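A structural walkthrough
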Amino acid sequence: MGIRVANVSKHFGDFRAVDDVSVDVETGSLVALLGPSGSGKSTLLRLIAGLEDTDSGRIWITGEEATERSVQDRQVGFVFQHFALFKHRTVRQNVAFGLELRKWKKEAIRRRVDELLELVQLQGYGGRYPSQLSGGQRQRVALARALAVQPRVLLLDEPFSALDAKVRKELRAWLRNLHSEMHVTTVIVTHDQEEAMEVADRIVVMNEGRIEQIGSPAEIYDHPATPFVMSFVGAVNVLPQGALPLPQPGVLAGSGPSAGGPGGDGQMFIRPHDVEVYASPRAGSVPARLKRLTHMGRDLQAELQLDSGEVLVAQFPREQINYSVIRPGDELHVISRQVRTFVPDYAI
């Protein structure tokens with residue numbers, strides 16, 4: 001096992017940042033800790049790294065208990081959100097810093113730095129200073145520096161959040177490819193659902209210091225265990241029970257704890273892409289007034305108002321409707337292909 005966290009808690013005064021959390025990270029895997037601000041994901045990462053002490057619970061890294069070990073003894077590589085590079089050192093000197101502290105010989109440092117600069121695609125940039133690099137390049141230097149000392153695990157705390165959207169997307173693909181080459185056990189903290197879905201083998205969804213669900217990206221999206229996971233991972237409409245008819249027989253209505261049918265909590269959860277929109281009535285459809293139509297490339301997004309006053313967002317292929325002739329205020333007709341409801345804890 002690459003990392004094992006068992007019943008770990010951390011309080012800051014009366015605030016429970018991490019509350020009795022247990023999670024295993026397989027050796028060589030890339031796991032995302034996903035959740036909103038204040039959910040405990042960064043605190044959990046810092047507890048694994050040894051940057052914070054646990055109040056209770058135990059932590060193992062590569063099979064060895066690390067709960068009482070110092071940051072240095074845990075042999076982890078840590079990459080922060082804001083690069084944390086030494087401004088007065090060149091790229092080569094930044095990458096070499098940890099090796100110099102460990103008293104590596106100069107020739108061995110040179111070879112290792114050359115190897116890493118090639119790995120992060122920064123050959124020829126070794127003599128530059130951080131101020132001469134783009135944000136994406138600086139974050140790649142930070143990753144190279146973390147990898148230089150051959151850490152047992154790599155921990156990334158929102159490493160791309162300070163970058164613009166295009167660079168973030170490029171670096172996500174680059175990180176995924178880098179991990180495929182190196183297979184270093186990696187944990188990345190993010191509040192970006194798309195980022196977690198794109199880079200991670202498994203996702204740990206956190207909320208208010210606790211784990212809501214652990215699973216593959218497909219499991220988290222297709223089979224959310226709780227209303228929070230359903231609402232946080234991907235776009236969703238939340239409507240009162242009965243606002244739309246349940247899907248017709250033969251149409252997927254959900255499964256497991258989030259199955260379609262009476263839910264007990266009075267809410268229906270419907271993904272925008274599970275709403276079909278038509279210009280004329282269909283079997284099982286209900287009328288809805290078009291408020292806004294947004295062109296999103298291949299797809300259209302419609303904001304619709306039901307007769308009950310509830311607003312429903314639908315996303316569908318352009319071919320599904322003749323969008324050139326419809327206008328805000330027109331009556332359309334909608335069908336929900338999949339509805340999920342959740343049984344509250346007290347009803348289980």
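Okay, so let's go over this structure. Given the structure is predicted, the values throughout are model-derived calculations rather than measurements. (Residues numbered from 1 in each chain as written. Predicted model: local features only at pLDDT ≥ 70, side-chain atom pairs only at ≥ 80, totals over all residues. Heavy atoms only, no water.)

Relative orientation of the contacting elements helix H5 (residues 135-148) and helix H6 (residues 165-182) amounts to 25°, with a least axis distance of 11 Å. Judged by the angle between their axes, H5 and H6 are roughly parallel. As H5 runs across H6, the sense of the crossing is right-handed. Residue-level contacts link Gly-136, Gln-139, Arg-140, Leu-143 and Leu-147 of H5 to Val-167, Leu-171, Trp-174, Leu-178 and Met-182 of H6. Among the residues making up the contact of H5 with H6, the classes are represented as seven nonpolar, two polar and one charged. (Axes fitted to C-alpha atoms, helices over the stretch in contact; angles between N-to-C directions. Helix = DSSP H or I, 4+ residues; strand = E, 2+ residues; numbered from the N terminus. Parallel < 35°, antiparallel > 145°, perpendicular 65-115°, else oblique. Left-handed = near helix turned anticlockwise from the far one by under 90°. Contact = heavy atoms within 4.5 Å. Nonpolar A, V, L, I, M, F, W, Y, C, P; charged D, E, K, R; others polar.)

Reading across the sheet, the six strands line up as S6-S7-S8-S3-S9-S10 and stay open at both edges, with mixed pairing between neighbours. Lying at the two open borders of the sheet, with one neighbouring strand each, are strand S6 (76-79) and strand S10 (210-215). If you compare each strand with its neighbour and ignore which way they point, the axes differ by 15° on average. Alignment of strand S3 (residues 30-34) against strand S9 (residues 202-207), held across four bridges, turns out to be parallel. Counted as the bridge partner of Leu-34 is Val-205 from S9. Lying on the sheet, helix H1 (residues 41-49) is in contact with S3, S6, strand S7 (153-157), strand S8 (185-190) and S9; it crosses S7 at an angle near 150°. Running over the sheet, H5 touches S6 and S7 and is turned about 165° from S6. (Pairing = 2+ DSSP bridges.)

Time to look at the packing of aromatic side chains. The geometry of an aromatic ring pair is captured by the separation of the ring centres together with the interplanar angle, meaning the angle of the planes. This structure, assessed with the given rule, holds four aromatic pairs. Seen in terms of ring centroids, Phe-86 and Phe-97 are 4.7 Å apart; in terms of plane orientation they differ by 55°. Their pairing is tilted. Of the two residues, Phe-86 sits in the loop between S6 and helix H3 (91-101) while Phe-97 sits in helix H3, which places them eleven residues apart along the sequence. For Phe-86, a relative accessible area of 27% gives the class partly exposed. Looking at Phe-97, the relative accessible area reads 26%, which means it is partly exposed. Relative to Phe-232, the ring of Phe-228 lies with its centre 5.5 Å away and its plane at 10°, an arrangement referred to as stacked. Note that Phe-228 and Phe-232 are positioned in helix H9 (residues 227-232) at a spacing of four residues, about one turn of the helix. (Phe/Tyr/Trp six-rings, centres within 6.5 Å; stacked < 30°, edge-to-face > 60°. Buried < 20%, exposed > 50% of the residue type's maximum accessible area, 1.4 Å probe, protein only.)

Purely geometric numbers; function is a separate question.
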